[in-house]
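A closer look at the structure
What follows is the residue order along each chain.
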Amino acid sequence: MNLYNNKLNKIEPEQKIELLKSLEKYALEADDRVKSVNRCVYSDMEFNQKIINSNDLNLSFKNNISYLYLSVVVEEGDDVRSAGKFQITHDFSKFNPEKIALNAVNEATSLLGATTIKSDSYPVILRNDIAAKILATFSSTLSAENVQKGLSLFVNKLGEKVAANNFNLIDDPFLKEGFNSRPFDGEGVATMKKAVIKEGKLTTYLHNLKTAKKDEVETTANAYRGSHKSSVGISPTNMYIAKGDNSYDDLIQSIDKGLIIISVQGLHSGANSISGDFSLGASGYLIKNGEIDRPVEQITISGNFMDMLKDIDMIANDLKMDLPGRGHFGSPSIKIKALDIAGE
């Protein structure tokens, strides 16, 4: 596995500063309504992991990665909006500050004049970054440890249909730009790419050696150790929903009246990973007759994660990985047949 880029390690601080200056410059010049750049961040990091024990195990690897993030504030009269965009890469030369800036500014300005809508049940498109955040929120339910404790939606669901036929969930430790790509897990077991859900059927939980022994199965090499002093837990590597055959525009054009969700609030407090219920503040766009009609705010989307997986209608081909945390998650944009929307 080629996870380490020596060139990234040699980028001088002055080059990083110039990159940030250009990012800010592109944003401020993109539109007269841009009032400020409230976040302009470059970060790179390097990871070194080595496992040695008295049973002749001696493994090591190192990884490095970088990301660029921009958030802008736009204003028109009394209406103030913001939006942020980012890029993750192992290759410093691949950063495109102009594209990041224009995307952030265009999204922020597109939200000016947003109003609410009437409460009802609507077909909904979860844009790729939002679908990834929701996946990350409920990913712990796939841990065998939580399943064995009865703290999971997926208890006794192994081998059963838990999602639509076009839904495939992958855990991929070999993803080229994956933040958590690695050749072995926290217990020194060789990692493997796996379909956790294949064509809607739950094929495996995520295991470490302890949970695998309890279930009398092989480990999936998802052992996670935060440091040498930490106990061994379970975590995905790079987990993503596999892309579909449709374009993002195909999803929009398939809806007579519905919504695109591009922002959610309250994932930590408004989503219950045990019951699967969620109620989240949201904003986005109203779709009419297969076209984006206007921006929408002050709405709440609610439903159940398991029901939502079964109600997936279409999956786009715009797979994108979100900013990493404990696990790195990604998704294409997804059309849900219906979600409850609370507005006016």
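A brief report on the enclosed structure follows.

Parameters and conventions
Residues numbered from 1 in each chain as written. Predicted model: local features only at pLDDT ≥ 70, side-chain atom pairs only at ≥ 80, totals over all residues. Heavy atoms only, no water. Pairing = 2+ DSSP bridges. Helix = DSSP H or I, 4+ residues; strand = E, 2+ residues; numbered from the N terminus. Axes fitted to C-alpha atoms, helices over the stretch in contact; angles between N-to-C directions. Contact = heavy atoms within 4.5 Å. Parallel < 35°, antiparallel > 145°, perpendicular 65-115°, else oblique. Left-handed = near helix turned anticlockwise from the far one by under 90°. Nonpolar A, V, L, I, M, F, W, Y, C, P; charged D, E, K, R; others polar. Phe/Tyr/Trp six-rings, centres within 6.5 Å; stacked < 30°, edge-to-face > 60°. Buried < 20%, exposed > 50% of the residue type's maximum accessible area, 1.4 Å probe, protein only. Lys NZ or Arg CZ within 6 Å of the ring centre and 35° of its normal. Core = buried A, V, L, I, M, F, W, Y, C linked by side-chain atoms within 4.5 Å.

1. Looking at the sheet that holds strand S2 (residues 58-76)
The antiparallel open sheet is built from three strands, whose spatial order is S1-S2-S3. In the strand order of this sheet, the two ends are held by strand S1 (34-52) and strand S3 (79-89), each with one partner. Taken pair by pair, the neighbouring strands of this sheet meet at an average axis angle of 15°, ignoring direction. As judged from the eleven bridges shared by S2 and S3, these two strands associate in the antiparallel manner. From the neighbouring strand, valine 73 faces S3, where its bridge partner is serine 82. Here helix H2 (residues 13-30) sits on the sheet in contact with S1 and S2, set at roughly 145° to S1.

2. A closer look at the packing of H2 against helix H3 (residues 97-110)
Two elements in contact, H2 and H3, have axes whose closest approach is 8 Å; the angle formed by their N-to-C orientations is 40°. On the basis of their axis angle, the class for H2 and H3 is oblique. Along this stretch, H2 crosses H3, giving a crossing that reads as right-handed. On the side of H2, the interface is formed by Leu19, Ser22, Leu23, Tyr26, Ala27 and Ala30, while H3 contributes Pro97, Glu98, Ile100, Ala101, Leu102 and Val105. Taken together, the residues of the contact of H2 with H3 sort by class into ten nonpolar, one polar and one charged.

3. Structural notes on the packing of aromatic side chains
In this structure the tally under the stated criterion is six aromatic pairs. The interplanar angle of 75° and the centroid separation of 5.8 Å between the aromatic rings of tyrosine 42 and phenylalanine 92 together place this pair among those described as edge-to-face. With a gap of 50 residues between them, tyrosine 42 in strand S1 and phenylalanine 92 in the loop between S3 and H3 connect regions that are remote in the sequence. Like tyrosine 42, the residue phenylalanine 92 is buried in the burial classification. Considering the side-chain rings of phenylalanine 92 and phenylalanine 95, the 5.7 Å spacing of their centres and the 85° angle between planes classify their relative orientation as edge-to-face. Each member of the pair, phenylalanine 92 as well as phenylalanine 95, is classed as buried. The lysine or arginine in question, lysine 62, covers the ring of tyrosine 4, its NZ or CZ lying 4.2 Å from the ring centre.

4. With respect to the sheet that holds strand S7 (residues 201-202)
An order of S7-S6-S5-S10-S16-S15 is seen for the six strands of this open sheet, with the pairing classed as mixed. The sheet terminates laterally at S7 and strand S15 (320-321), the two strands that pair on one side only. Together, strand S5 (169-171), strand S10 (238-241), S15 and strand S16 (328-331) form the strand contacts of helix H4 (residues 128-138), whose direction differs from that of S16 by roughly 135°.

5. A few points about the nonpolar core
With 50 residues, the main nonpolar core has Leu126, Phe154, Leu169, Leu259 and Ile261 as its most contacted residues. By residue number, the principal contributor to this core is H4, which donates five residues. With sequence-adjacent residues up to four places away left out, leucine 259 is seen in contact with Ile117, Tyr122, Pro123, Val124, Ile125, Tyr285, Leu286, Ile287, Val296, Ile299 and Ile341.

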